[in-house]
Amino acid sequence: MQHSVINPAQYELLNILSCINKEEDVMELKSVIVKFLNTRLQKEIDRLWEDGTLNEQKVSAWTDEHMRTPYK
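Residues numbered from 1 in each chain as written. Predicted model: local features only at pLDDT ≥ 70, side-chain atom pairs only at ≥ 80, totals over all residues. Heavy atoms only, no water.

**Side note on the pattern of salt bridges**
Next up, step 1: Summed over the entire model, instances satisfying the criterion amount to 2 salt bridges.
Next up, step 2: Ionic pairing is found between Arg47 and Glu44, a salt bridge with its closest N-O pair at 2.5 Å. With Arg47 and Glu44 both in helix α2 (residues 23–50) and 3 residues apart, the pair spans about one turn of that helix.
Next up, step 3: Glu44 gets classed as partly exposed once you look at its relative accessible area, which sits at 34%.
Next up, step 4: Where Arg47 meets Asp51, a salt bridge forms, and the shortest distance between an N and an O atom there is 3.2 Å.
Next up, step 5: Among the charged side chains, a salt-bridge network with shared partners connects Glu44, Arg47 and Asp51. (Salt bridge = Lys/Arg side-chain N within 4 Å of Asp/Glu carboxyl O. Helix = DSSP H or I, 4+ residues; strand = E, 2+ residues; numbered from the N terminus. Buried < 20%, exposed > 50% of the residue type's maximum accessible area, 1.4 Å probe, protein only.)

This is the structure we're talking about:
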C-alpha cells in the first residue's frame, strides 16, 4: 500500500481550511486559489514563449492534434 505524504504547503492549507465553516468562504477561497494558479501558469507560459520552447507554430499545430485516449 502506498501512503501519501502531505507537503508543508498542503499542511498549511489544511490548517487554514479547518477554520472555514461557511460555503461562501469556501467559494471565495477557491476563487483566490484559482487566480493564484492562473497567475503562476501565465508566468510559465510567458517564460516558455520567451525562451522559444513555445511559439505560434506549435500553438497552431495543437488545433489539428487529437489527444483523446483511444478506446478499444
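Picking up where we left off.
**With respect to a negative patch on the surface**
Next up, step 1: A cluster of acidic side chains, namely Glu23, Glu24, Asp25 and Glu28, defines a negative patch on the protein surface.
Next up, step 2: For Glu24, a relative accessible area of 57% translates into the label exposed. (Patch = residues over 30% accessible without salt bridge, like charges linked within 9 Å, V, L, I, M, F, W, Y side chains within 5 Å. Areas by Shrake-Rupley, 256 points an atom, 1.4 Å probe, with all protein chains shown as cover. Lys, Arg positive; Asp, Glu negative; His and termini not counted. Charge placed at Lys NZ, Arg CZ, Asp CG, Glu CD.)

**Considerations on the environment of Val59**
Next up, step 1: Secondary-structure assignment places Val59 in helix α3 (residues 56–62).
Next up, step 2: Along the sequence, Val59 and Asn15 sit 44 residues apart, while their C-alpha atoms lie 40 Å from each other.
Next up, step 3: If we skip the residues at most four places from it in the chain, Val59 touches Trp49 and Leu54. (Contact = heavy atoms within 4.5 Å.)

**Concerning the confidence of the model for the protein**
In low-pLDDT segments, the atomic positions of the prediction should not be examined closely.
Next up, step 1: The predicted model of the protein averages 89 in pLDDT, with 97% of residues at 70 or higher.
Next up, step 2: Confidence, expressed as mean pLDDT per element, reaches its minimum in the protein at α3 with 89 and its maximum at α2 with 95. (pLDDT = per-residue confidence, 0-100.)

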